[in-house]
Structures are given as structure tokens and as C-alpha cells.
Amino acid sequence: MHTEGDTWVCRSCENEEPRDSQAEAAMATRDGQRDDGAPAVADATRGSTETTQEPCPAEDCDSDRAHYEMMPKPGGSYEVRLFTCVECGHKWRES
């Protein structure tokens, strides 16, 4: 929808509705906002002291220990294990 004077007009069907200043005051718009990109995602294994025997998949690392954390998978009923190698810091996941 867009405005034309005192009327809201639908861009697809041309339906018109009168503008309501009280309703418009409560609306959120993108005018004046900026896109800062995707939010920073915290390292899920940071600060984890638990380790497990899990070989690092990095080609140049022969470590068999990794920090891990269990994270619920969005919309799913199972979890994802997030790993960080204790030696080289390589990160990977297993679901």
C-alpha cells in the first residue's frame, strides 16, 4: 500500500482506504532505518570447559579433543552438537 493524499491505495488491486492518523502513528516503517547486516552470532562453544574425544576434521591438525555444546535445532525435535578443536580452534557441527 502507498499513500495518495488522504487515501491508502493498494498497489496490486487499487483498493482505496481512508488514512487514519492514529493508526499510522503506531505503525513501524523502514524510513530512516539502516541495515547493519546480519547480527553477530556468538560462538556457542566459547567458555565451554567440557571436552570430548572427537577427531578434528582440519587437514593440518591431529587433535582428538574438542570442546562441545548441545544446541536445539530450530523447528526440530533433535539437537546439534557444536565442536571447537582444543588445539587449532577449528569449528564444526554434527547433527
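Before reading further, recall that the structure is shown in the block above.
All figures in this text were calculated on a predicted structure; none of them were measured in a lab. Counting restarts for each chain, with residues numbered from 1 along the sequence as it is written. For this predicted model, a pLDDT threshold of at least 70 governs which residues receive local features, and a threshold of 80 or more governs which side-chain atom pairs are given and counted, while totals over whole chains, interfaces and linings are taken from all residues. Values reported for side chains reflect all heavy atoms of the structure, with hydrogen atoms and water molecules removed beforehand.

> Tell me about the packing of aromatic side chains, and name the residues and values.
Between 30 and 60 degrees the pair is tilted, below 30 it is stacked and above 60 it is edge-to-face, where a pair is any two Phe, Tyr or Trp rings, Trp via its six-membered ring, whose centres lie within 6.5 Å. Per the stated rule, a full pass over the model turns up 1 aromatic pair. On the numbers, 5.3 Å between centres and 20° between planes, the contact of Phe83 with Trp92 is stacked. Taking relative accessible area as the criterion, Trp92 reaches 16% and is therefore assigned buried. Distance and angle both matter: a charge sits over a ring if NZ of Lys or CZ of Arg is within 6 Å of the ring centre and within 35 degrees of the ring normal. Of note, Arg19 hangs over the ring of Trp8, and the distance from its end group to the ring centre comes to 5.8 Å. Throughout, exposure labels follow a simple rule: accessible area from a 1.4 Å probe, protein chains only, divided by the maximum for the residue type, with under 20% read as buried, over 50% as exposed, and the rest as partly exposed.

> I'd like to hear about the sheet that holds strand 2 (residues 7–9), residue by residue, with values.
For two strands to pair, DSSP has to find at least two bridges joining them. Going along the chain from the N terminus, every DSSP run of H or I of four or more residues is numbered as a helix, and every run of E of two or more is numbered as a strand. What the 3 strands build is an open sheet, ordered 1-2-3; its pairing is antiparallel. At either end of the open sheet lies a strand with only one pairing partner, and these are strand 1 (2–4) and strand 3 (16–18). If you compare each strand with its neighbour and ignore which way they point, the axes differ by 35° on average. In terms of strand pairing, strand 2 meets strand 3 through 3 bridges, oriented antiparallel. Directly across from Thr7, in strand 3, lies its bridge partner Pro18. In this analysis, axes come from line fits to C-alpha atoms, helices being fitted only over the stretch in contact, and the angle between any two N-to-C directions falls in the range 0 to 180 degrees.

> Could you give an account of the sheet that holds strand 7 (residues 91–94), with specific residues and numbers?
A sheet is described by the order of its strands in space; here 4 strands give the open sequence 4-5-6-7, paired in antiparallel fashion. Each edge of the open sheet carries a strand with a single partner, namely strand 4 (51–53) and strand 7. Mean inter-strand twist for the sheet, computed between neighbouring axes without regard to direction, equals 40°.

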